[in-house]
Amino acid sequence: MGDTEIRELTTEAEWREAFPVLEELRDHLTETTYLEYLREMREEGYHLFAVFEDEGVLAVAGAGIRTNFYNGRHLFVYDLVTRPDRRSEGHGGRLMGFLEDWARERDCESITLESGLWREDAHRFYEDRLGMDRYCYTFKRTFEEG
């Protein structure tokens, strides 16, 4: 394993480079839709970070600082995914550690995320490797067009 670095992605070229990795988690997105949403999300405070190695992007995480009554000021992690051929090498944990430091520097009280009920491997990672607590369920209703 070569030297890696973590940095925020701020240019369209970087966003495009990260898309194949993010698409592993968000496979319903096209690159065009991804870029459209990303531009809007950045206006709302979303930040996209990546672990880089010589060969390119290994893992990505998207997060934003939010405040609400039950979490106070917190960093909400919307997206966290590692390239399939580079999983279990510590990149996700390193990225979460980076995000935790980034959040603390910005006076956040906690770091939170949601994970689909079917993602049992991810749940083990969050609970066993990162020491996170399973806290609640999220409920969703999708609106029909019309």
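See the structure above.
Residues numbered from 1 in each chain as written. Predicted model: local features only at pLDDT ≥ 70, side-chain atom pairs only at ≥ 80, totals over all residues. Heavy atoms only, no water.

### Details of the packing of aromatic side chains
Two measures describe an aromatic ring pair: the distance that separates the ring centres and the angle between the ring planes. Throughout the structure, instances matching the rule amount to five aromatic pairs. Between Tyr 46 and Tyr 78, the ring centres sit 6.1 Å apart and the planes meet at 45°, which makes this aromatic pair tilted. With Tyr 46 in strand S2 (residues 46-53) and Tyr 78 in strand S4 (residues 72-82), this pair connects stretches of sequence that are 32 residues apart. Ring centres of Phe 49 and Trp 102 lie 5.2 Å apart, and the angle between their planes is 70°; on these two criteria the pair is classed as edge-to-face. Of this pair, Phe 49 sits in strand S2 while Trp 102 sits in helix H3 (residues 91-105); the two residues are 53 residues apart in sequence, bridging distant segments of the chain. Taking the relative accessible area as the measure of exposure, Trp 102 reaches 9% and is therefore buried. (Phe/Tyr/Trp six-rings, centres within 6.5 Å; stacked < 30°, edge-to-face > 60°. Helix = DSSP H or I, 4+ residues; strand = E, 2+ residues; numbered from the N terminus. Buried < 20%, exposed > 50% of the residue type's maximum accessible area, 1.4 Å probe, protein only.)

### Quick notes on the nonpolar core
Leu 9, Trp 15, Tyr 34, Leu 48 and Val 60 are the most contacted members of the largest nonpolar core, which totals 18 residues. The set of elements that each furnish at least two residues to this core consists of helix H1 (12-22), helix H2 (31-43), S2 and strand S3 (56-68). It is H1 that provides the largest number of residues to this core, a total of five residues. Ranked by size, the runner-up nonpolar core spans 17 residues in total, among them Ile 6, Leu 75, Ala 103 and Cys 108. (Core = buried A, V, L, I, M, F, W, Y, C linked by side-chain atoms within 4.5 Å.)

### Overview of the pattern of salt bridges
What the rule picks out here adds up to 14 salt bridges. Of the charged contacts, one joins Arg 83 and Glu 55 as a salt bridge, the two residues approaching to 2.4 Å between their closest N and O atoms. Here Glu 55 lies in the loop between S2 and S3 and Arg 83 lies in the loop between S4 and H3, a separation of 28 residues in the sequence. Of the residues examined, Glu 55 reaches a relative accessible area of 46% and is grouped as partly exposed. Several salt bridges share partner residues, and in doing so they unite Glu 53, Glu 55, Arg 83, Asp 85, Arg 86 and Glu 89 into one network. (Salt bridge = Lys/Arg side-chain N within 4 Å of Asp/Glu carboxyl O.)

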